[in-house]
Amino acid sequence: METIIPVTGNVKFSITLDPTVWIFDDRRLDLDTFFTDQHVDRDEMEEYKEAMGKHWSREIMEGATFPPTLKTEKKYEKQKMLTGTFGMLLEPFIKNAEPGENATTFSFVTGDEEHTFPLKDAVDMILQYSIEGKPVKEGGPVYVLFRDGSNRDNPIKNVTAIRVD
């Protein structure tokens, strides 16, 4: 099984995706909660600004302190990475490849077929790269899920390339 997925076709930049390193990416989605009512789409920049404002205010009022819970939080996050099921949105990768002006579709190329979608639907695709803390091996390196979760039980598997047309 090849673990690298090329993004090719009608793009300005042919790029390669390596799902084996995504576990360290802050953009990862926790798929254990993503398809439940607990998931809320959030504006990461707004959250960052709010957190920085609170941190700044606390340091001005109390001085710089490092709470004892910091180690506990890091331990919890590490445990979550080792046991969680994660995915990444496809859209940022397609944007980075910069589709040509006349590009209208993209396809997931698998061993025996192609699954073609309108280019605007890239925002609704998730590349699942881990299951319960382990990389997707059988049928991997990624499973393609729809954002609405409608194909969770039957994802697109054996993706060898993504082609923009």
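### Digging into the packing of aromatic side chains
Line of reasoning, step 1. Applying the stated rule across the entire model yields 7 aromatic pairs.
Line of reasoning, step 2. Residues Phe106 and Phe117 carry aromatic rings whose centres are separated by 5.9 Å and whose planes lie at 35° to one another, so their mutual orientation is tilted. Linking Phe106 in strand β5 (residues 105-110) with Phe117 in strand β6 (residues 114-118), this pair joins segments that are 11 residues apart in sequence.
Line of reasoning, step 3. When the ring of Phe108 is compared with that of Phe117, the centres are 6.0 Å apart and the planes differ by 70°; the resulting orientation is edge-to-face. For the residue pair Phe108 and Phe117, the accessibility class agrees, reading buried in each case.
Line of reasoning, step 4. Pairwise contacts between aromatic rings join Phe106, Phe108, Phe117 and Phe146 into one cluster.
Line of reasoning, step 5. Across from the ring centre of Phe86, 5.4 Å away, lies the NZ or CZ of Arg28, which sits over that ring.

### Quick word on the confidence of the model for the chain
Line of reasoning, step 1. Chain-level statistics for the chain give a pLDDT mean of 86 and a share of 84% at 70 or above.
Line of reasoning, step 2. Between the elements of the chain, mean pLDDT differs from a low of 65, seen in helix α3 (residues 69-83), to a high of 97, seen in β6.

### A look at the sheet that holds strand β1 (residues 5-9)
Line of reasoning, step 1. Taking strand neighbours across the sheet as the criterion, the 5 strands line up as β2-β1-β11-β5-β6 in an open arrangement whose pairing is mixed. Strands with a single pairing partner mark the edges of an open sheet, and in this sheet they are β2 (15-17) and β6. Strand after strand, the sheet turns through a mean of 25° between neighbouring axes, direction not considered.
Line of reasoning, step 2. With 5 bridges connecting them, β5 and strand β11 (residues 159-164) associate as antiparallel partners. Directly across from Phe106, in β11, lies its bridge partner Val164.

### Some words on the nonpolar core
Within soluble globular proteins, side chains that are nonpolar generally end up buried alongside one another.
Line of reasoning, step 1. With 27 residues, the main nonpolar core has Leu90, Phe106, Phe108 and Ile162 as its most contacted residues.
Line of reasoning, step 2. Contributions of two or more residues to this core are made by β1, β4 (86-89), α4 (91-97), β5, β7 (125-128) and β11.
Line of reasoning, step 3. Leaving out residues up to four positions away in the same chain, Phe108 has contacts with Leu90, Glu113, Glu114, His115, Phe117, Met125, Leu127, Val144, Ile156, Val159, Ala161 and Ile162.
Line of reasoning, step 4. If you look at the next biggest cluster of nonpolar residues, it comprises 6 residues, including Leu31, Phe34, Ile126 and Leu145.

The rules behind the values
Residues numbered from 1 in each chain as written. Predicted model: local features only at pLDDT ≥ 70, side-chain atom pairs only at ≥ 80, totals over all residues. Heavy atoms only, no water. Phe/Tyr/Trp six-rings, centres within 6.5 Å; stacked < 30°, edge-to-face > 60°. Helix = DSSP H or I, 4+ residues; strand = E, 2+ residues; numbered from the N terminus. Buried < 20%, exposed > 50% of the residue type's maximum accessible area, 1.4 Å probe, protein only. Lys NZ or Arg CZ within 6 Å of the ring centre and 35° of its normal. pLDDT = per-residue confidence, 0-100. Pairing = 2+ DSSP bridges. Axes fitted to C-alpha atoms, helices over the stretch in contact; angles between N-to-C directions. Core = buried A, V, L, I, M, F, W, Y, C linked by side-chain atoms within 4.5 Å. Contact = heavy atoms within 4.5 Å.

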